[in-house]
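Chain by chain, the residues run as shown.
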Amino acid sequence: MKKTLFDKIWEAHVVRSMGGLDVFYIDKHLIHEVTSPQAFDEISARNLPLYRKNQIVATADHNVPTVNQHLPIQEPLSRMQVDKLTENCAKHGVELFGLGHQNQGIVHVIGPELGITQPGMTIVCGDSHTSTHGAFGAIAFGIGTSQVAQVMASQCLLISRPKKMRITVDGELGRGVSAKDLILYVISKLGTGGATGYFVEYAGSAVRSLSMEGRMTVCNMSIEMGARGGMIAPDETTFAYVNGREHAPKGERWEQALAYWKTLYSEEGATFDKEYFFSAEEISPMITYGTNPGMGIALTGAIPTTVPAGETASFDKSLEYMGFAPGESLLGKEVNYVFIGSCTNSRIEDLRVVAEFVKGRHKASHVEAIIVPGSKHVEQQAIAEGIDVLLAEAGFELREPGCSACLAMNEDKIPAGAYCVSTSNRNFEGRQGPGSRTLLASPLVAAITAVEGKIVDVTKYLN
Amino acid sequence: MEKFEIIQSGAVPLPIENIDTDQIIPARFLKATSREGFGENLFRDWRYDGDGNPKMGFALNNPRYSGQILVAGKNFGCGSSREHAAWAIHDAGFRVVISSYFADIFRGNALNNGLLPVQVSDELLHRLLEQVEQEPQTQFVVDLVKQELFIPAWNESVSFEIDPYKKECLINGYDDIDFLVSQKEAIEVYESTRAWAY
Ligand code: SF4
């Protein structure tokens, strides 16, 4: 039988099958301060050692402040959680990229950037956006804390094989239409539960033409339609990105790896449980208007007036929270906050898009625009390219790396009732702070919004 | 893990779809390093206003509703992988969540913590919600051994699916760690024979 990319990697990691469940081997385990403490406690309580500590990498990202990272963390509970991670890693001999370390950053940004993420791997993390790493042709997915403990104890999980979905986007994306718009568009079509139970492979010429950064943005948001994960077959773009990175194989091992990686694709005629096809030409810059990532429209479109029967109550609740009405256009809405960051869009490419646009422009005076790089390396690169200066001149604040206002566990919160155009991945109620109202968009749309101080049709800037 | 057999109780209705884990337990309450105490902040921003006063319109604050069963709209538990969501629901005294659809990670997290997700059809979910809202004292019986949800008021029972292994675990209070650790030999053999190791 013809095999899919997913089948090939899955089957290579089955230790043994029992009924509908597989003992599934994990190559890399990424951990952070929020979902690991209870797992460390669990294995300690059972007197279990870490089974393969060299396959674990830790970073502090969710709780960390984005200013004055050289000082002790002010907020006592955040400090405690980060200290606990440091303590646990030291005790168990796990490599930690803590605050101040040159490799520190958002877990899903640093994995790829350090070459830890490679094609053909299985990668887990106690974080749903682990799907990001699928951009390299890896099986990567988020797990709960009990499973974090399982992987610590055995490097394995006991799981059933998900169903397979392929989403093909063919054609050429228009000017100003980015990977973020592509995935927001797909999620708006499938809905937030549209891929529950499936593992998604993204294919088609529009996906192939994306940079690695763009592919990560797409795979990152797979979870927003309920998918277990998302992946893209590795190709020359992937190999070129991985080559030479700190943890990437070198010399002869590189050649062996490459030969194997080139076998990782879905064979012609392989079957998927579900397939969707979209054309890149249908996609324009997107924005969300509601309180789940499936509630997206073209920037120039209107909020729907009808929703499927049975969903009206939730739809109304959502619009009431956002302060919008059915049928309304978002154009002209005033915005006070712009957040550019998160594991979806905080890589150097995203910062370059913003810098290029804001060059010679200035943010509107009523807007607070913060840019939080995904990692120390991204921050350093931005400084090396002079992006920090361009941003400062435009009135944008370049912060230090972390999750920041993506989930508002640190001080970076959007006030109740305020609108924030955000490049992150979730617009759930209160996600960016109690009562905050989030509109998800691409880095370009976010930058334009900051300059205009309101939501505008971006086409006038594209020519 | 605590053993699960039969639950007989009333239910609390939450007729909202796509309830995400950020609503179940907002991120700012994830700073604890133990598993206990999350129930206090379950549905925090729906349950309390900014000053910490209970919002009386919310079902969990409504004295009419009580019980160990939460009945919620479809696609329950979407969003973040935080297991704290399952801990919070369990900690608040619930043992069963009924919905017509569960997000994958939440379902797994629930099962790993003695919280039973019972998936029913959209149509039945609708009827259950209506029943609880109209007759808040309605009792339900969730029998894991028989994989059956019984509604005495209707004299009707419906069966539900659960992975046989997970069912065993819940009934006996086992978890996956013990099993996986017992597989050490097979895991070592696998590691030594891997065609490609990272
Ligand atoms: S940036 Fe946001 S989505 Fe990404 S890992 Fe951090 S909190 Fe999660």
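It should be noted that the structure appears before, not after, this text.
Residues numbered from 1 in each chain as written. Chains lettered and ligands numbered in written order. Predicted model: local features only at pLDDT ≥ 70, side-chain atom pairs only at ≥ 80, totals over all residues. Heavy atoms only, no water.

K.L.:
Can you help me understand helix α8 (residues 212-220) of chain A in this one?
P.N.:
Since the α-helix turns once every 3.6 residues, residues separated by three or four places project in the same direction. Burial analysis of α8 of chain A places nine of its nine residues in the buried class, which makes it a mostly covered element. Every buried residue belonging to α8 of chain A is among Met212, Glu213, Gly214, Arg215, Met216, Thr217, Val218, Cys219 and Asn220 of chain A, and all of these are buried. (Buried < 20%, exposed > 50% of the residue type's maximum accessible area, 1.4 Å probe, protein only. Helix = DSSP H or I, 4+ residues; strand = E, 2+ residues; numbered from the N terminus.)

K.L.:
How should I be thinking about unusual backbone geometry in this particular structure?
P.N.:
Leaving glycine out, the prevailing phi sign among residues is negative, and the prevailing peptide bond configuration is trans. Its identity as a non-glycine residue notwithstanding, asparagine 18 of chain B has a phi of 55°, on the positive side. Structurally, the position occupied by asparagine 18 of chain B is in the loop between β2 (11-14) and α1 (21-24).

K.L.:
So what exactly am I meant to see when it comes to the interface of chain A and chain B here?
P.N.:
It is common to give the size of an interface as the accessible area lost on bringing the parts into contact. The interface of chain A with chain B comprises 73 residues on the first partner and 54 residues on the second. When chain A packs against chain B, close to 5,200 Å² is buried across both sides, 57% of that on carbon and sulfur atoms. Between chain A and chain B we count 29 residue pairs in polar contact (both at pLDDT 80 or more) in total. Ranked by residue count, the leading element in the side of chain A that touches chain B is helix α5 (residues 145-154) of chain A, at seven residues. Taken together, the residues that form the side of chain A that touches chain B break down as 30 nonpolar, 27 polar and 16 charged. (Contact = heavy atoms within 4.5 Å. Buried area = accessible area lost by both parts, 1.4 Å probe. Polar contact = N/O pair within 3.5 Å; in protein donor to acceptor, adjacent residues only side chain to side chain. Nonpolar A, V, L, I, M, F, W, Y, C, P; charged D, E, K, R; others polar.)

K.L.:
How should I be thinking about the pairing of strand β7 (residues 139-142) of chain A in this particular structure?
P.N.:
Looking along a regular strand, one sees side chains alternate from face to face of the sheet. Residue and element names in this part refer to chain A. Covered by surrounding structure in β7 are Ile139 and Phe141 together with Ala140 and Gly142, the residues of both alternating faces. Across four bridges, the pairing between strand β6 (residues 122-125) and β7 is parallel. Note that in β7 the partner of valine 124 across the bridge is phenylalanine 141. (Pairing = 2+ DSSP bridges.)

K.L.:
Explain the sheet that holds strand β4 (residues 56-59) of chain A here, please?
P.N.:
Strand pairing in a sheet is mediated by backbone hydrogen bonds. Such pairs are either parallel or antiparallel. Residues and elements named next belong to chain A. Taken in spatial order, the five strands line up as β5-β4-β3-β6-β7 in an open sheet, and their pairing is parallel. Of all the strands in the sheet, just β5 (95-97) and β7 have a single pairing partner and so form its edges. Across the sheet, the axes of successive neighbouring strands diverge by a mean angle of 20°, strand direction being ignored. Bridge count for strand β3 (residues 28-32) against β4 is four bridges, and the pairing is parallel. Across the sheet, the residue bridging to histidine 29 is isoleucine 56, located in β4. Strands in contact with α5 are β3, β4 and β6; relative to β3, the strand with the most contacts, it is inclined by about 130°. (Axes fitted to C-alpha atoms, helices over the stretch in contact; angles between N-to-C directions.)

K.L.:
Can you walk me through the pattern of salt bridges in this structure?
P.N.:
Close approach of charged atoms lets side chains of opposite charge pair. One pass over the structure, following the stated rule, counts 32 salt bridges over all chains. One salt bridge in this structure joins glutamate 42 of chain A and arginine 35 of chain B, with 2.9 Å as the shortest N-O distance. With glutamate 42 of chain A in helix α2 (residues 37-45) and arginine 35 of chain B in the loop between α1 and α2 (44-47), this pair bridges two chains. Aspartate 175 of chain B is the salt-bridge partner of arginine 46 of chain A, the closest N and O atoms lying 2.5 Å from each other. Here aspartate 175 of chain B lies in the loop between α6 (164-172) and α7 (176-182) and arginine 46 of chain A lies in the loop between α2 and β4, a pairing that spans two chains. (Salt bridge = Lys/Arg side-chain N within 4 Å of Asp/Glu carboxyl O.)

K.L.:
Hey, could you run me through the nonpolar core in this one?
P.N.:
In globular proteins that are soluble, nonpolar side chains generally tend to be buried together. With 107 residues, the main nonpolar core has Phe396 of chain A together with Phe43, Phe76, Ile98 and Leu116 of chain B as its most contacted residues. The element contributing the most residues to this core is helix α15 (residues 443-452) of chain A, with seven residues. The next biggest cluster of nonpolar side chains, apart from the first, holds 80 residues, and it includes Ala135, Leu190, Tyr202 and Ala248 of chain A. (Core = buried A, V, L, I, M, F, W, Y, C linked by side-chain atoms within 4.5 Å.)

K.L.:
What exactly am I supposed to notice about the site of the ligand here?
P.N.:
Around the ligand, the structure places His62, Ile106, His108, Asp127, His129, Ser342, Cys343, Cys403, Cys406, Leu407, Asn425 and Arg431 of chain A. Looking at the shell around the ligand residue by residue, the classes come out as five nonpolar, five polar and two charged. (Near = heavy atom within 4 Å.)

K.L.:
I would appreciate a short explanation of the side chain of aspartate 235 of chain A in the present structure.
P.N.:
Residue and element names in this part refer to chain A. Here aspartate 235 is to be found in the loop between β11 (229-231) and α9 (236-242). Among the polar contacts made by the side chain of aspartate 235, one reaches the main-chain amide nitrogen of threonine 237 at a distance of 3.0 Å. Not counting chain neighbours up to four residues away, the residues in contact with aspartate 235 comprise Arg208 and Arg215.

K.L.:
Which parts of the structure should I look at to understand the environment of methionine 409 of chain A?
P.N.:
With respect to the secondary-structure elements, methionine 409 of chain A resides in the loop between β17 (397-398) and β18 (419-422). If we skip the residues at most four places from it in the chain, methionine 409 of chain A touches Val34, His62, Asn63, Ser78, Gln81 and Ser404 of chain A together with Ala27, Arg28, Leu30 and Lys31 of chain B.

K.L.:
Before we go on, may I ask you to explain the packing of aromatic side chains in this structure?
P.N.:
For any two aromatic rings, the description comes down to two numbers: the centre-to-centre distance and the angle of the planes. Residues and elements named next belong to chain A. Counted under the stated rule, the structure contains 21 aromatic pairs over all chains. The interplanar angle of 40° and the centroid separation of 6.4 Å between the aromatic rings of phenylalanine 24 and phenylalanine 141 together place this pair among those described as tilted. A residue pair is termed long-range when its members are at least 10 positions apart, and phenylalanine 24 in strand β2 (residues 21-25) and phenylalanine 141 in strand β7 qualify at 117 residues. Where tyrosine 185 meets phenylalanine 278, the ring centres are 5.8 Å apart and the plane angle is 85°; that geometry is what we call edge-to-face. Highlighted residues: tyrosine 185 in helix α6 (residues 179-190) and phenylalanine 278 in strand β12 (residues 274-279), separated in sequence by 93 residues. For tyrosine 185, a relative accessible area of 9% translates into the label buried. Since its relative accessible area comes to 12%, phenylalanine 278 is described here as buried. Among the aromatic side chains, those forming a connected cluster through ring pairs are Phe6, Trp10, Phe24, Phe141 and Phe199. For arginine 52, the ring lying beneath its charged end belongs to tyrosine 51, and the centroid distance is 4.1 Å. (Phe/Tyr/Trp six-rings, centres within 6.5 Å; stacked < 30°, edge-to-face > 60°. Lys NZ or Arg CZ within 6 Å of the ring centre and 35° of its normal.)

K.L.:
Explanation requested: the environment of leucine 71 of chain A in the structure shown.
P.N.:
Its location among the elements puts leucine 71 of chain A in the loop between β4 and α3 (76-92). Among the residues examined, leucine 71 of chain A registers a relative accessible area of 39% and is labelled partly exposed.

K.L.:
Quick question: what am I supposed to make of the packing of helix α3 (residues 84-91) of chain B against helix α4 (residues 104-111) of chain B here?
P.N.:
A pair of packed helices is characterised by two quantities: the angle between their axes and the separation of those axes. Residues and elements named next belong to chain B. Across the interface, α3 lies against α4 with an axial gap of 8 Å and an inter-helix angle of 50°. As summarised for this structure, α3 and α4 are arranged oblique, according to the angle between their axes. Every pair of crossing elements has a handedness; the one defined by α3 and α4 is right-handed. Where α3 abuts α4, its residues Ala85, Ala86 and Ile89 lie against Phe106, Asn109 and Ala110. (Parallel < 35°, antiparallel > 145°, perpendicular 65-115°, else oblique. Left-handed = near helix turned anticlockwise from the far one by under 90°.)

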